[in-house]
Amino acid sequence: MKNSSRALLAVVLLAGFPVLVLVIVAALVALEIYAFSDSPSIGVRLAFFAVPAIYVLLQALFTIERGRDDEVSGLPLTREAQPELWALVRELAEAVDTRPPDEIYLIPQVNASVYEQTRWLGLRVTRRRMFIGAQLFAGLRIDQLRSVLGHELAHYSNRDTRFADVTYRGRQAIGRVVDGLADANGLGWLLRPLFNGYTKLYFTVSMRVSRDHELAADAAAARVAGTAAATSALRESEALEVLWQFYLDTYVGMGWRAGYLPDRLADGFRQLLADEHRVEELAEVRRNPPPQKVSPFDRHPATPARIAVLEAAPEVPVLPGGERPATRILRDADTVLDAAMLTGLSAEARSKQRTDWQTLVDISMRHQLRKATDKILRSRSVTDLLDALDAGKLEDVADSDVKVPPNAGPRARRELLGASARANLSIVVTSALAAAKAARWELSWSGPAKLVLTEPYAESLTPALDAAVAGDTGALRTLLAVTEPVLS
């Protein structure tokens, strides 16, 4: 009853907001009319301040009533193409006492949601859409996916949640008014304090309503999937978010910088999830998730608090068969997940060349070393670097930011410059060997790409590099003799 009262209060406050806006707009218009009738010059000057404020206020009114954008991103999953998924969603909708969505989309984010197209402040629903992240299918079990989808559907299982969508838009609209008035010249600043108290009250009530809805939806998720599935789904979703970002930055990103993208995004992410080393890292993220900063106006309670509420309630057993991968629900899962992830690519991303993972890693590492080599050589050749080492000029090979005190002796000088010179020489030589097809890189989901050298370099390169930095480049010159074209 208390939750319903809060929801009703939130809607009443939202309904009062247009009244407040219209009263102020009417007052400003009346003031303008009076000013123009009394003194047109004063009316013009006043309009300079009043019109921007009126524009911000009226724009907010249209934001409240306007439904969500009809341009939907993601891959549509039809009943004919994915009957098992639709059957599951219908089952879950019935279990939480709501109607199933009209459309289902697979999206390239670690997220799931249900949105409604509404009119008349949420009283009339025109369309209900469900969005499911492709990464959730790639990383969750069936019982965990049941929990996630049951949670989202449960947001619409009670009458008080009918206003969740318009309440969300109301927060956006009111926030836009406060921010817009700050940029609307003098009158905007004068009007802003009038809305601050109203905004604070509305945000406090609506956020509390949203948090109550989240906990109620969590309870529903536990009922349809089991308590263990609901709590593990919350932990797993956070871990998947961390791993997905790592995957984009580390693996997809390396190809991006070289002008390439993998031809199978979803397959790579699933391989990363299955890697033995990454499995341990993912388990650590579950045990120690990234710290969450929860604002007083945050719509969601902190995940540990949500888990604590679920674990404090009577335990609901997990349904049998839920331990299978969530991809079992999808037909042609690899193709579908790849297609969904591609819907999130920008126009720039779509212009990249596509290739398999092994080729992408090798090309990316070559590209990275070429750029580093150009920076080190500065129009010089490999032979020039070797000549500098023979002459004891480590500073010509080391990074320029490595400083040596003027009074440093030969030993101290070598220690200070040696590590940097050794690293730079290794980069230049490895890049030369790669250009001569004597070096390549192999994909590793456990760590950095593995450098593979052909003979005789595999055994002899390391001691030859060490000797060259020590002042004897003979062994390294001999090794590089077969790659003579790259030495010039």
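For clarity, every value in this text was computed on a predicted model and none was experimentally measured.

What counts, and at which threshold
- Residues numbered from 1 in each chain as written.
- Predicted model: local features only at pLDDT ≥ 70, side-chain atom pairs only at ≥ 80, totals over all residues.
- Heavy atoms only, no water.
- Helix = DSSP H or I, 4+ residues; strand = E, 2+ residues; numbered from the N terminus.
- Buried < 20%, exposed > 50% of the residue type's maximum accessible area, 1.4 Å probe, protein only.
- Contact = heavy atoms within 4.5 Å.
- Expected span 1.5 Å × (residues − 1).
- Salt bridge = Lys/Arg side-chain N within 4 Å of Asp/Glu carboxyl O.
- Axes fitted to C-alpha atoms, helices over the stretch in contact; angles between N-to-C directions.
- Parallel < 35°, antiparallel > 145°, perpendicular 65-115°, else oblique.
- Left-handed = near helix turned anticlockwise from the far one by under 90°.
- Phe/Tyr/Trp six-rings, centres within 6.5 Å; stacked < 30°, edge-to-face > 60°.
- Nonpolar A, V, L, I, M, F, W, Y, C, P; charged D, E, K, R; others polar.
- Core = buried A, V, L, I, M, F, W, Y, C linked by side-chain atoms within 4.5 Å.
- Polar contact = N/O pair within 3.5 Å; in protein donor to acceptor, adjacent residues only side chain to side chain.

## Some thoughts on the overall build of the chain
So, step 1. Along its length, the chain carries 18 helices and 8 strands.
So, step 2. Within the chain, the fraction of its 488 residues that count as buried is 47%.
So, step 3. Sequence-distant contacts, at least 24 apart, represent 77% of the contacts inside the chain between residues at least 6 apart.

## Description of helix 5 (residues 142–154)
So, step 1. Under the 1.5 Å per step criterion, the end-to-end length of helix 5 is 18 Å for 13 residues, consistent within 8% with the ideal 18 Å.
So, step 2. Counting buried residues along helix 5, 13 of its 13 residues qualify, which places the element largely inside the surrounding structure.

## Points about the pattern of salt bridges
Pairing is possible between side chains of opposite charge, provided their charged atoms come close.
So, step 1. Enumeration over the complete set of coordinates arrives at 20 salt bridges.
So, step 2. The salt bridge involving Asp218 is made with Arg306; its shortest N-O contact spans 2.9 Å. Placement of the pair is Asp218 in helix 7 (residues 185–225) and Arg306 in helix 11 (residues 303–312), with a sequence separation of 88 residues. Arg306 shares its class with Asp218; the two are buried.
So, step 3. Three or more residues joined by partner-sharing salt bridges are found here, namely Arg264, Arg270, Asp334 and Asp338.

## Some remarks on the packing of helix 3 (residues 83–95) against helix 5
So, step 1. Following both chains from N to C, one finds helix 3 and helix 5 inclined at 55°, their axes separated by 9 Å at the closest point. The angle between helix 3 and helix 5 places the two elements in the oblique class. In this structure, the crossing between helix 3 and helix 5 has a hand that is right-handed. Residue-level inspection shows Leu85, Leu88, Val89, Glu91, Leu92 and Ala93 of helix 3 in contact with helix 5, the latter providing Arg146, Leu149, Gly150 and Leu153.

## Structural notes on the packing of aromatic side chains
So, step 1. This structure, assessed with the given rule, holds 11 aromatic pairs.
So, step 2. Seen from their ring centres, Trp244 and Tyr247 are 5.4 Å apart, and the 35° between their planes marks the pair as tilted. A residue pair is termed a helical-turn pair when its members lie 3 or 4 positions apart in one helix, as Trp244 and Tyr247 do in helix 8 (residues 227–257) at 3 residues. Comparing Trp244 with Tyr247 shows no difference in burial state: the two are buried.
So, step 3. Taken together, a centroid distance of 5.0 Å and an interplanar angle of 85° make the contact between Trp244 and Phe269 edge-to-face.

## With respect to the packing of helix 8 against helix 14 (residues 357–377)
So, step 1. Relative orientation of the contacting elements helix 8 and helix 14 amounts to 70°, with a least axis distance of 8 Å. When the axes of helix 8 and helix 14 are compared, the pair comes out roughly perpendicular. On helix 14, the residues that touch Tyr247, Tyr251, Val252, Met254, Gly255 and Arg257 of helix 8 are Trp357, Leu360, Val361, Ser364 and His367.
So, step 2. Counted by class, the contact of helix 8 with helix 14 contains 7 nonpolar, 3 polar and 1 charged residues.

## Thoughts on the nonpolar core
So, step 1. By size, the foremost hydrophobic cluster in this structure holds 97 residues, and its most contacted members are Leu85, Tyr247 and Leu476.
So, step 2. Not counting chain neighbours up to four residues away, the residues in contact with Tyr247 comprise Val252, Arg264, Leu265, Gly268, Phe269, Leu272, Trp357 and Trp445.
So, step 3. Of all hydrophobic cores here, the second largest spans 8 residues; its members include Phe17, Ile24, Leu28 and Leu57.

## What about the environment of Thr343?
So, step 1. If you trace the backbone, Thr343 turns up in the loop between helix 12 (333–342) and helix 13 (347–350).
So, step 2. For the pair formed by Thr343 and Ser73, sequence separation is 270 residues and the distance between their alpha carbons is 7.1 Å.
So, step 3. If we ignore the near neighbours within four places in the chain, the residues touching Thr343 are Gly74, Leu75 and Pro108.
So, step 4. Only 2.5 Å separates the side chain of Thr343 from the backbone oxygen of Ala340, close enough to count as a polar contact.

## A look at the side chain of Thr430
So, step 1. If you trace the backbone, Thr430 turns up in helix 16 (residues 410–435).
So, step 2. Ignoring anything within four residues of it in the chain, the contact list for Thr430 reads Leu369, Ala439, Trp441 and Leu451.

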